[in-house]
Amino acid sequence: MPTITRPRTPLLTALRGQLEHSRDARTTRKALQRELAAYTSQSDLDDLHAILNQYPEEETADIRRILARRTARAL
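Since this is a predicted model, take the numbers as computed values, not measurements. (Residues numbered from 1 in each chain as written. Predicted model: local features only at pLDDT ≥ 70, side-chain atom pairs only at ≥ 80, totals over all residues. Heavy atoms only, no water.)

**Concerning the overall build of the chain**
When helices and strands are tallied, the chain shows three helices and zero strands. Counted from the first residue to the last, the chain has its helices and strands arranged as α-α-α. In summary, the chain has a C-alpha radius of gyration of 20 Å against a globular reference of 11 Å for 75 residues, an excess of more than 25%. Across its three principal directions, the C-alpha atoms of the chain cover 65 × 30 × 20 Å. In the chain, which comprises 75 residues, the proportion classed as buried is 12%. Charge-centre separation for the chain: the mean point of 13 positive side chains lies 15 Å from the mean point of 10 negative side chains. (Helix = DSSP H or I, 4+ residues; strand = E, 2+ residues; numbered from the N terminus. Rg over C-alpha atoms; globule rule 2.2 N^0.38 Å. Buried < 20%, exposed > 50% of the residue type's maximum accessible area, 1.4 Å probe, protein only. Lys, Arg positive; Asp, Glu negative; His and termini not counted. Charge placed at Lys NZ, Arg CZ, Asp CG, Glu CD.)

Following this line, the structure appears as structure tokens:
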């Protein structure tokens, strides 16, 4: 059976780009979550928060969100 291919439209190209970006962002976020899971003791977490406080909120927002979710689940 012959395969019919259609030319890529700008919309299709944009959607594919967005999907790829979403996949990459999810992969990066999951890797960050795995890395942060190594910080388990209160001392480790205190040290991590002290380091985060030295940087602007915009640069550390993802890390802070992950840590906040972990804290909320632990309660």
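**A look at the confidence of the model for the chain**
Caution applies to low-pLDDT parts of the model: their predicted coordinates are not meant to be read in detail. Considering every residue of the chain, the mean pLDDT works out to 90; 91% of them sit at 70 or more. The least confident element of the chain is helix H3 (residues 57-74), whose mean pLDDT is 91; the most confident is helix H2 (residues 42-52), at 95. (pLDDT = per-residue confidence, 0-100.)

**Notes on a positive patch on the surface**
Positive charge collects at one region of the surface, where Arg23, Arg26, Arg29, Lys30, Arg34, Arg69 and Arg73 lie side by side. Of all the secondary-structure elements, those providing two or more residues to the positive patch are helix H1 (10-36) and H3. Here the element with the most residues in the positive patch is H1; it accounts for five residues. Locating Arg69 in the fold gives a position in helix H3. (Patch = residues over 30% accessible without salt bridge, like charges linked within 9 Å, V, L, I, M, F, W, Y side chains within 5 Å. Areas by Shrake-Rupley, 256 points an atom, 1.4 Å probe, with all protein chains shown as cover. Salt bridge = Lys/Arg side-chain N within 4 Å of Asp/Glu carboxyl O.)

**Overview of the nonpolar core**
Leu36, Leu45, Leu48, Leu52, Ile63, Ile66 and Leu67 together form the largest nonpolar core, which totals seven residues. Going through the elements one at a time, H2 and H3 are the ones with two or more residues in this core. Each residue touching Leu52, except ones within four places of it in the same chain, is listed here: Thr60, Ile63, Arg64 and Leu67. (Core = buried A, V, L, I, M, F, W, Y, C linked by side-chain atoms within 4.5 Å. Contact = heavy atoms within 4.5 Å.)

**Side note on H3**
Between its first and last C-alpha atoms H3 spans 24 Å; for 18 residues at 1.5 Å apiece the expected length is 26 Å, and the two agree. Of all the bends in H3, the greatest, near 35°, is centred on Ile63. Looking only at H3, the buried set comprises Thr60, Ala61, Ile63, Ile66 and Leu67. As for H3, its buried residues are in contact with H1 and H2. (Expected span 1.5 Å × (residues − 1). Bend = angle between axes of the 7 residues up to and from the residue.)

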